[in-house]
Structures are given as structure tokens and as C-alpha cells.
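Fold and geometry: a report
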Amino acid sequence: LRWDRGASSGFLMTPSALAYERMTPDDIVWMSIDLGAGTADDRAARIVDGVRTPSTEWRMHRELHALRADVRAVVHTHSVHASALACLPTVQRDGIPAFHYMVARAGGHDIRCAPYATFGSAALASNAVAALVDRRACLLANHGVLACHASLDGALALAVEVETLARMYAQVLALGAPVQIGR
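Reading guide: rules and limits
Residues numbered from 1 in each chain as written. Predicted model: local features only at pLDDT ≥ 70, side-chain atom pairs only at ≥ 80, totals over all residues. Heavy atoms only, no water. Core = buried A, V, L, I, M, F, W, Y, C linked by side-chain atoms within 4.5 Å. Buried < 20%, exposed > 50% of the residue type's maximum accessible area, 1.4 Å probe, protein only. Helix = DSSP H or I, 4+ residues; strand = E, 2+ residues; numbered from the N terminus. Contact = heavy atoms within 4.5 Å. Phe/Tyr/Trp six-rings, centres within 6.5 Å; stacked < 30°, edge-to-face > 60°. Pairing = 2+ DSSP bridges. Axes fitted to C-alpha atoms, helices over the stretch in contact; angles between N-to-C directions.

**Structural notes on the nonpolar core**
Counting residues in each nonpolar core, the largest one holds 25 residues, and the members touching the most others are Ile96, Ile111, Leu139 and Val162. Only β4 (73-77), α3 (80-85), β8 (137-140), β9 (144-149) and α6 (152-175) provide two or more residues apiece to this core. Take this core: its biggest share by element is seven residues, from α6. Residue contacts for isoleucine 111: discarding those within four places in its chain leaves Gly95, Ile96, Val103, Ala106, Ala137, Cys138, Leu139, Val162 and Leu165. Counting residues in hydrophobic clusters, the runner-up holds 15 residues, among them Val71, Ala117, Ala128 and Ala131.

**Structural notes on the packing of aromatic side chains**
If you walk through the whole model with that rule in mind, you get one aromatic pair. With a centroid separation of 5.1 Å and 40° between ring planes, the pair formed by phenylalanine 99 and tyrosine 169 is classed as tilted. A residue pair is termed long-range when its members are at least 10 positions apart, and phenylalanine 99 in the loop between β5 (96-97) and β6 (110-111) and tyrosine 169 in helix α6 qualify at 70 residues. Residue classification places tyrosine 169 among the buried residues on the basis of a relative accessible area of 8%.

**Let's talk about the environment of alanine 17**
Within the element layout of this structure, alanine 17 appears in the loop between β1 (10-13) and β2 (29-32). A sequence separation of ten residues divides alanine 17 from alanine 7, and the C-alpha atoms of the two residues are 30 Å apart.

**Things to note about the sheet that holds β8**
Strand order in the open sheet made by the four strands is β4-β9-β8-β7, with mixed pairing throughout. On the outer flanks of this sheet lie β4 and β7 (113-114), each paired with one strand and no other. As paired strands, β7 and β8 are joined by two bridges and run parallel to one another. Within the sheet, the bridge partner assigned to alanine 114 lies in β8 and is leucine 140. Against the sheet, helix α5 (residues 122-131) engages β7, β8 and β9, with an angle of about 140° to β8.

Next up, the structure:
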């Protein structure tokens, strides 16, 4: 969630390696969007406020907040159906097509899939940003989902919608080739 502090642009990030049900507000980490100079793995220089280490996926969140003024919140999940679809070569190539009108909630005529890169890497962040051009959600190959919105509630609702669409698309594929809207 974007959370600026005066002149300092930043965002709130969940911590690494802590179960959500054990998390408290004190575990949330504030990170600056402007990383400044220093080595890429120098987390201490990036954490302005927080006692925990941020999620390994901080780069994706930071890049989206830095490059897109419309993004105030980013939700990243490893939801089952969307993550499973993101492992298929056809989905990695073509995304989830407009088999259902709700696909448009992701911002376009399909839900793109960002090419695979190692979790937490700068390459994954770059791939995700590219997949989200003119979009609000995307799949991450062999990984999960990213959903962006102007509010945290909106980003979460979109992530849930992408999972619902992924489940429906997987069921449709089991029955045959779906009709694509607008084609």
C-alpha cells in the first residue's frame, strides 16, 4: 500500500517468512520508493521503518509504485488456480483470453502472463511491470498473480476475481475450447 511520509514517497510491505495469521501492524515494513545508491541487496538501507525484513517480492511492489501513479495498492498471491494456469505454456504465451466478460476487470481483452523469472529478482519485477502495461492484473509464469488498484480493497477484490476467472477458465478448458468474446 502506498504510504507517503511527508516528502518521502514510500509504501507499506508485508514481512518475509511470517504467517499472515501471526502478523500484527508492528510487523509491517515501510520502504522508500526511491532506493538511492547502494547495493541491490542492502535491505537495511531500504527499510526506513520496521523491525522485520520485507517480503522477497519488494522489487515488484516498488517498481509498480514508482512507475504508475494510478497504483496505490498491490496484492500478490499464489492462489491455486491462477498459479496452476500460469504453469501452462499456452497461458504463458497467450494469457487468459476474453472467454468471460469479467476478464475486462483486469484492464484489457486478456489477462497477460509475465515471463518466468526467479522470485524476488529484478528480472521478475521488470517482467511484471511489462505485463501490466495498460492492465491492472497479470499472472506471473510458474508463480502467481499481481493485482493493482487505487485502493487496497480494490486490489484484493481484483486478485480474488482473477482467481475466480482462472478457476472458471481451467474448468472450461477441461470441457473444450472456449468461445472468445469479440472474436
